[in-house]
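Observations on the model geometry
As a plain string of letters, each chain reads:
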Amino acid sequence: LQAGDSAVYRHGAVQAVLPTLTTPFDVIFVDPPYADHRVKEVLSLLAQHALIHPATMVYVEQASDDNWVLPSGWHMHRESVCGGVCARLLKWEER
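Time to look at the side chain of D66. By the secondary structure assignment, D66 is in the loop between β2 (57-63) and β3 (74-82). Of the side chains with opposite charge, R88 comes closest to the buried, unpaired D66, at an N-O distance of 6.5 Å. Among the polar contacts made by the side chain of D66, one reaches the side chain of Q62 at a distance of 3.3 Å.

Mapped onto the secondary structure, K91 falls in strand β4 (residues 85-92). Exposure remark for K91: the relative accessible area of 24% places this residue in the partly exposed category. With near-sequence residues (within four places) excluded, K91 lies in contact with P54, A55, T56, M57, G73, W74, H75 and H77.

Attention now moves to the confidence of the model for the chain. When pLDDT is averaged across the chain, the result is 84; 88% of the residues are at 70 or more. Mean pLDDT per element in the chain: helix α1 (residues 13-16) is the minimum at 68, and β3 is the maximum at 94.

Before going further, it helps to spend a moment on the sheet that holds β3. With respect to topology, four strands assemble into an open sheet ordered β1-β2-β4-β3, the strand pairing being mixed. Looking at which strands have only one partner, the edges of the open sheet turn out to be β1 (27-30) and β3. Averaged over all pairs of adjacent strands, the angle between their axes in this sheet comes to 20 degrees, without regard to strand direction. The pairing of β3 with β4 spans eight bridges and is antiparallel. Opposite S80, over in β4, you have A87 as the bridge partner.

Rules behind the numbers
Residue positions within a chain follow its written sequence, with the count starting from 1. Local features in this predicted model are restricted to residues of pLDDT 70 or higher, and side-chain atom pairs are both shown and tallied only at a pLDDT of 80 or more, whereas totals for entire chains, interfaces and linings draw on every residue. Heavy atoms throughout the structure, all of them, feed into the side-chain values; hydrogens and water do not. A helix here means a DSSP run of H or I that spans at least four residues, while a strand means a run of E at least two residues long, and both kinds are numbered starting from the N terminus. Throughout, exposure labels follow a simple rule: accessible area from a 1.4 Å probe, protein chains only, divided by the maximum for the residue type, with under 20% read as buried, over 50% as exposed, and the rest as partly exposed. Residues scored as positive are Lys and Arg, those scored as negative are Asp and Glu, and His as well as the terminal groups of each chain are ignored. Note on definitions: salt bridges are taken to be side-chain nitrogens of Lys or Arg within 4 Å of carboxyl oxygens of Asp or Glu. Between N or O atoms, a polar contact is any pair within 3.5 Å; within protein, one atom must be a potential hydrogen donor and the other a potential acceptor, and residues adjacent in sequence are included only when both atoms are from side chains. Note on contacts: a residue pair qualifies if any of its non-hydrogen atoms lie within 4.5 Å across the two residues. Residue-level confidence of the predictor is summarised by pLDDT, bounded by 0 at the bottom and 100 at the top. Here, strands pair whenever DSSP counts at least two bridges between them. Orientation is described by lines fitted to C-alpha atoms, with helices fitted over the stretch in contact, and by angles between N-to-C directions that extend from 0 to 180 degrees.

Written as structure tokens, this is what we have:
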């Protein structure tokens, strides 16, 4: 994998960590507790704080029965459903 510059952020990263970051990521994993329904908020903050670039891939996991609409500016690259879990790979399409 050769991921030399990598970091893992967890436990309240949305409020505590995202606003302090300044460098865009290549890959981002978003796997909040399903009952939180915070994926749209996280995606919005990633774009707002310039933590993504045109090649960034964002992996999102949610409950498969979540009636979720892809936020504006994002493109579904891939989607897979396995039982109660829906996995999506998203890309930002800056307009």
